[in-house]
Amino acid sequence: MRIVVKIGTSTLTHPSGHLHIRRVETLCKIMSDIKNAGHEVILVSSGAIGMGVGKLGMRQKPADIPSKQAAAAVGQCELMYTYDKLFGEYHHTVAQLLITKDDTVNEKRRGNFINTLNRLLELGTLPIINENDTIATDEIVIGDNDTLGAIVAQSVRADLLILLSDIDGLYTADPHKDANAVLLQQVDKIDESILSLAGVSSTTLGTGGMVTKLHAAEICLDCGCEMVIANGNRPENLYDILDGKAVGTRFGRKTV
Ligand code: GLU
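Residues numbered from 1 in each chain as written. Predicted model: local features only at pLDDT ≥ 70, side-chain atom pairs only at ≥ 80, totals over all residues. Heavy atoms only, no water.

Q: Just to check I follow, could you spell out the pattern of salt bridges for this structure?
A: Charged atoms that come close allow side chains of opposite charge to pair. Summed over all chains, the structure comprises ten salt bridges. The salt bridge involving D146 is made with K6; its shortest N-O contact spans 2.9 Å. Of this pair, D146 sits in helix α7 (residues 145–155) while K6 is found in strand β1 (residues 2–7), placing the two residues 140 residues apart along the sequence. For the pair formed by D146 and K6, the shared burial category is buried. In this structure, the salt-bridge partner of R109 is D103, at a minimum N-O distance of 2.8 Å. Look at R109 and you get partly exposed, because its relative accessible area is 38%. Classification of D103 as buried rests on a relative accessible area of 12%. Connected through shared salt-bridge partners, K6, D146 and K213 make up one network. (Salt bridge = Lys/Arg side-chain N within 4 Å of Asp/Glu carboxyl O. Helix = DSSP H or I, 4+ residues; strand = E, 2+ residues; numbered from the N terminus. Buried < 20%, exposed > 50% of the residue type's maximum accessible area, 1.4 Å probe, protein only.)

Q: Please explain the nonpolar core as it appears in this structure.
A: One broad rule of soluble globular proteins: the nonpolar side chains tend to lie buried together. Core analysis: the biggest nonpolar cluster contains 40 residues, and I129, V152, L161, M227 and F251 have the highest contact counts within it. Taken together, the elements giving at least two residues each to this core come down to β2 (40–45), β3 (94–99), α6 (107–122), α7, β5 (160–165), α9 (210–223) and β7 (226–231). In this view, L161 contacts V4, G149, A150, A153, C220, C225, E226, M227 and V228; residues no more than four positions away in its chain are not counted. Formed by 34 residues, the second largest nonpolar core is a distinct cluster that contains I7, V53, I162 and V247. (Core = buried A, V, L, I, M, F, W, Y, C linked by side-chain atoms within 4.5 Å. Contact = heavy atoms within 4.5 Å.)

Encoded structure:
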């Protein structure tokens, strides 16, 4: 299987913006194992701004664009250093691809991106993709890595996109506020009733929330790629998803 895994900032870092070492180590170990089992794995990783905030000792995510971009420039290095080191322990070679919206809509650049990505997979590497936050401003930004993950999955005809977040999946109500909220295990169509379940994002360092995840699901359902939203706090969820177990919310093909 060709699998795209998207990891959100809230999974990668503590609220301080410093690396969540135990979780990230386990995630890299499990993704290495999944690759060893014969699957192709592409990682879409957030966390550049969040980790930059931590490393620069900023007290919170800055609001102005130059500071955000400066934080991303610092954090992206830290992110790739960490992935290179952890995947390297399991003898996997990582590759960094930073793209903007232009690269996904301009036919020539999109073609180059897809060719490079396919070649990197042929070479057995583990491509790691993020938006090029240091140059992407409002007009040209994709804006969130859920959508980026879906665009990547669509571009390389992936079989499965897994969005790892700090929530178990899509609920019928906000589980932080409503004790009767029920996790939806399977969604086959994104209609008004499903869209109405997406609340407002509560994350402090990342972007996104349920709205962008449902947008990603629309892209995936459209191109026949299965998508799962699952909690990244339990990295073993990755194994369970591949085993077809009922984890998180699945969009598209039904669980076994
Ligand atoms: N590209 C952003 C970063 O690396 C994350 C975007 C997102 O959280 O979806 O910080």
